[in-house]
Amino acid sequence: MATTSNLTTASDVLSTHIFSILNSVSEQFHKLPGSAIFLRYVKSSYQNDPVRSAVELFLVLFAIRYLLARSYSTKPGKVRLTEEEIDDLVDEWQPEPLVGKNTIFEDADLEKRAVIVGPTGPKCRLQTGRTVTNLASYNFYNLVSNEQLKERAIQTLRTYGVGPCGPPGFYGTQDVHMKIEADIAAFLGTTACIIYAQAFSAASSVIPAFSKRGDIIVADKAVNYSIRKGLQISRSQVRWYEHGDMADLERVLARVQKEQAAKKQLTRRFIVTEGLFENTGDMVDLPKIIELKLKYKFRLILDESWSFGVLGRTGRGVTEHQHVDAAEVDMIIGSMAGPLTAAGGFCAGSDEVVEHQRLSAAAYTFSAALPAMSAVTASETLTMLQTQPDMITSLRENTRVMWQQLDPRSDWMTCTSVPENPIMMMVFKADVINSKRLSLEDQTLLIQDIVDECLAQGVLVTRAKALSAAASGAKSDVYTHRPALKICLTNGLSKKEVEKAGTTVRHAITKIVTKKK
Amino acid sequence: MTSHTTLHRTISFTPDAKLAPPENSSMSSTTKTGRRRRSSSIIYQEPPETVEQISDQAVNPNLNSQWVNAKGAWTIHPVIIIGLKIFFDIIPGVTQEISWTLTNITYMTGSYLMFHWVRGVPFEFNAGAYDHLNMWEQIDNGDQYTPAKKFLLTVPIVLFLLSTHYTHYDLTYFIINFLALMAVVIPKLPLAHRMRFAPFSGAPPDD
């Protein structure tokens, strides 16, 4: 009786308390200006429809909640650290060296590397004082010691100065650039040509200028580093086909065509390959590729860095050698730094192809133009190629002589280059690798020993060196380079000297391979 | 009660809706992009960007989405709404209710197309790094609850409340306006970030 009355009193007290709070709140609310209008509006909007009013109220509350929420980032990996954690991390940090420590192999390589004193040439002088036969420089027509070219170059240097001091699009184009562009276009048989200041960056900026994210590129697995970089920068989908395998190429092209037909898409499609491959030395089958390209409606980008100036009767490249019209190839990329012994690169094609690159090729727009001296040297070399075709025939003769000494007569190594290629890439024969169970590293070490032995005997050759796939930014190993011995022929040596050098190399190979058991 | 079966749309927002079995025939087997896309699923989440895409996005500021924070980009919304209302009022034979509803629907459709349907960037400056993101996801680099996003969410809600008021709370108009509002508000929620529902998303620009 007393407790129940206490309880009721307690609930009474509570309820009166709540009522008094509500009263004071409504009093405060009524004091606000416009509250009467607001209440009248809410009452009239109710309209006997509780669901709808509830929905509207929910919307208003949701909007208020959204407006009051705090901003946050959705990017993954953003971690907030406290001050102490930051201090700890900073204290623990040890800077990594800019260049890693050399491996033993790299150290040995550096020690034994030959250093040439003075100008390079068919016979060059080493730092050790010896004069050796130079079969390691890209000096095909012996133009490095050509006096006429030197005179012309010095004359140009005195007239034009050293560099154009600007990109070609911003007062860097000089008349010599336009002349060499016209010369190359006329020489190759295309409509127009554009010049790049560096041969390496020509391929890696032509490809992204035309092929973008979403486009499809079908590339040979053995393409060189510059092309790989271009493919990576372009952000296109890349499909690979086996090196030199036209049936595999056809299979990949058919598959791309089928996929695109199924999705009713039509993107830009390119085939990228080289005229003479830098890594293996062999040649592309150009008529077959043109046939496939026309059948499956692809465009062809042909990198003629090592075949322009080398192949064909007058040195026009693989298009002349295989009797293909140069206008059939959409873009021909070439180098004036290798066979032409000038500097820079070019891309030849139709007018639209070349004009497009003047604004959207990265190396043309954002890099300084070619120095006038190199442009004039390239023009002169082109004229020489056209007026003195016996340069090319004597180079082929020297290459043939070297082949005679090395390829069928050596028991251990074979040459993967085509006979017209003055760069001979010698690799170990398959049965030798199997019988001696040579890994790639073993082969590399053996070839390095062969190079050292040849140098000891007075012939300077070199080893083909390539970056691993990981270093070039590829996600997986598409192609593994075979370790190879590289011999670069030149016109500057007579046939007897070439024969002698070939014999030396063959004996060195035999000596090293039979020594290692 | 008017029957509104004709106005019912089967909009399912639950992520547990029937999923079509992913088909691998259209997967891209490339080494460069590494995207795994199931083009035949009804609902899927956009995968996070690859390293190449992130570095391409970081090269330039995203001009396509920066303008929402610029001067005048907020006042243009009421201006457009008033303009639409005037336009619909001018047409003879259109009552107030219809004109408010039409304004509402037009504004919602336009803003849905602009912010949620179209993907990518109309300029060619970052090699297609934003090709798979619609504009709402590009604003402020994907951050949620930023001032621009708060404003852009409030405007449709306020417009909706206005239109229900001026249509005198009639049920038919309410349903129409409410569905238009839902079509615009749901994709703006943080849980719908990078989610793609098959009938409601435009085709991606590639693959």
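- The name recorded for chain A in an unreviewed UniProt entry is serine C-palmitoyltransferase, from Lithohypha guttulata.
- Word for word, the UniProt comment on chain A under Sequence similarities (unreviewed entry) is "Belongs to the class-II pyridoxal-phosphate-dependent aminotransferase family."
- Recorded in UniProt for chain A, the comment headed Cofactor (unreviewed entry) runs: "pyridoxal 5'-phosphate".

A word on the overall build of chain B
- Summing up its helical and strand segments, chain B has seven helices and two strands in all.
- Along the chain direction, N to C, the helices and strands of chain B fall in the order β-α-α-α-α-α-α-α-β.
- Here chain B holds 207 residues, and the buried ones make up 43% of them.
- Nonlocal contacts in chain B, meaning residues at least 24 apart in sequence, comprise 68% of its contacts between residues at least 6 apart.
- Here chain B has roughly 10,700 Å² of accessible surface; of this, 67% comes from carbon and sulfur atoms.

Let's talk about the environment of Val155(B)
All names here are of chain B.
- When you line up the elements, Val155 lands in helix H6 (residues 147-166).
- Residues Val155 and Pro78, 77 residues apart in the sequence, show an inter-C-alpha distance of 8.1 Å.
- Excluding anything up to four places from it in sequence, Val155 contacts His77, Ile81 and Tyr107.

A short note on the interface of chain A and chain B
- Listed by partner, the interface residues are 37 residues for chain A and 43 residues for chain B.
- The contact between chain A and chain B buries some 3,600 Å² in all, and 59% of this surface belongs to carbon and sulfur atoms.
- Contact with chain B buries area across many residues of chain A, yet Leu59(A), Tyr66(A) and Arg213(A) alone supply 21% of it, more than any other trio.
- Put simply, chain A and chain B have seven residue pairs in polar contact (both at pLDDT 80 or more) between them.
- Elements with a contribution of two residues or more to the side of chain A that touches chain B: helix H2 (35-46), helix H3 (50-68), helix H10 (225-234), strand S6 (237-241) and helix H11 (246-263) of chain A.
- Of the residues forming the side of chain A that touches chain B, the biggest block, 10 residues, is contributed by H3(A).

Notes on the sheet that holds strand S7 (residues 269-274) of chain A
All names here are of chain A.
- Taken in spatial order, the seven strands make up an open sheet running S4-S10-S9-S8-S7-S5-S6, and their pairing is mixed. In the strand order of this sheet, the two ends are held by strand S4 (192-196) and S6, each with one partner. Averaged over all adjacent pairs, the angle separating strand axes in this sheet is 20°, with direction ignored.
- Of the strands in this sheet, S6, S7 and strand S8 (299-304) touch helix H12 (residues 286-296), which is tilted by about 155° from S8.

Digging into the packing of aromatic side chains
- Under the criterion given, the structure shown has 17 aromatic pairs over all chains.
- Between Trp74(B) and Phe151(B), the aromatic rings sit 4.6 Å apart at their centres with planes inclined by 0°, giving stacked as the arrangement. With Trp74(B) in the loop between helix H2 (63-66) and helix H3 (76-90) and Phe151(B) in helix H6, this residue pair connects regions lying 77 residues apart in the sequence.
- Residue classification places Trp74(B) among the partly exposed positions, given a relative accessible area of 33%.
- A network of ring pairs unites the aromatic residues Phe62(A), Tyr66(A), Tyr72(A) and Tyr145(B) as a single cluster.
- Across the ring face of Trp136(B), the terminal group of Lys188(B) is positioned such that the distance to the ring centre comes to 5.1 Å.

Structural notes on the packing of helix H6 (residues 147-160) of chain A against helix H16 (residues 372-387) of chain A
Residues and elements named next belong to chain A.
- Taken N-terminus to C-terminus, the directions of H6 and H16 make an angle of 150°; their axes are 9 Å apart at the nearest point. Overall, the two elements H6 and H16 adopt an arrangement that is roughly antiparallel. Here the hand of the crossing between H6 and H16 comes out right-handed. Packed against H6, whose contacting residues are Gln148, Leu149, Arg152, Ala153, Thr156, Leu157 and Tyr160, the element H16 presents Ala372, Met373, Val376, Thr377, Glu380, Thr381 and Met384 at the interface.
- Residue composition of the contact of H6 with H16, by class: eight nonpolar, four polar and two charged.

Observations concerning the nonpolar core
- By size, the foremost hydrophobic cluster in this structure holds 126 residues, and its most contacted members are Ile184(A), Met336(A), Leu485(A) and Ile487(A).
- Other than its neighbours up to four places away in sequence, Leu485(A) contacts Met413(A), Met424(A), Met425(A), Met426(A), Ile447(A), Ile450(A), Val451(A), Val461(A), Thr462(A), Val505(A) and Ile509(A).
- Among the nonpolar cores identified, the runner-up in size contains 33 residues, and Leu84(B), Trp136(B), Leu152(B) and Val155(B) belong to it.

Cut-offs and rules
- Residues numbered from 1 in each chain as written.
- Chains lettered and ligands numbered in written order.
- Predicted model: local features only at pLDDT ≥ 70, side-chain atom pairs only at ≥ 80, totals over all residues.
- Heavy atoms only, no water.
- UniProt positions renumbered as here; feature names shortened; annotations may be inferred.
- Helix = DSSP H or I, 4+ residues; strand = E, 2+ residues; numbered from the N terminus.
- Buried < 20%, exposed > 50% of the residue type's maximum accessible area, 1.4 Å probe, protein only.
- Contact = heavy atoms within 4.5 Å.
- Areas by Shrake-Rupley, 256 points an atom, 1.4 Å probe, with all protein chains shown as cover.
- Buried area = accessible area lost by both parts, 1.4 Å probe.
- Polar contact = N/O pair within 3.5 Å; in protein donor to acceptor, adjacent residues only side chain to side chain.
- Pairing = 2+ DSSP bridges.
- Axes fitted to C-alpha atoms, helices over the stretch in contact; angles between N-to-C directions.
- Phe/Tyr/Trp six-rings, centres within 6.5 Å; stacked < 30°, edge-to-face > 60°.
- Lys NZ or Arg CZ within 6 Å of the ring centre and 35° of its normal.
- Parallel < 35°, antiparallel > 145°, perpendicular 65-115°, else oblique.
- Left-handed = near helix turned anticlockwise from the far one by under 90°.
- Nonpolar A, V, L, I, M, F, W, Y, C, P; charged D, E, K, R; others polar.
- Core = buried A, V, L, I, M, F, W, Y, C linked by side-chain atoms within 4.5 Å.

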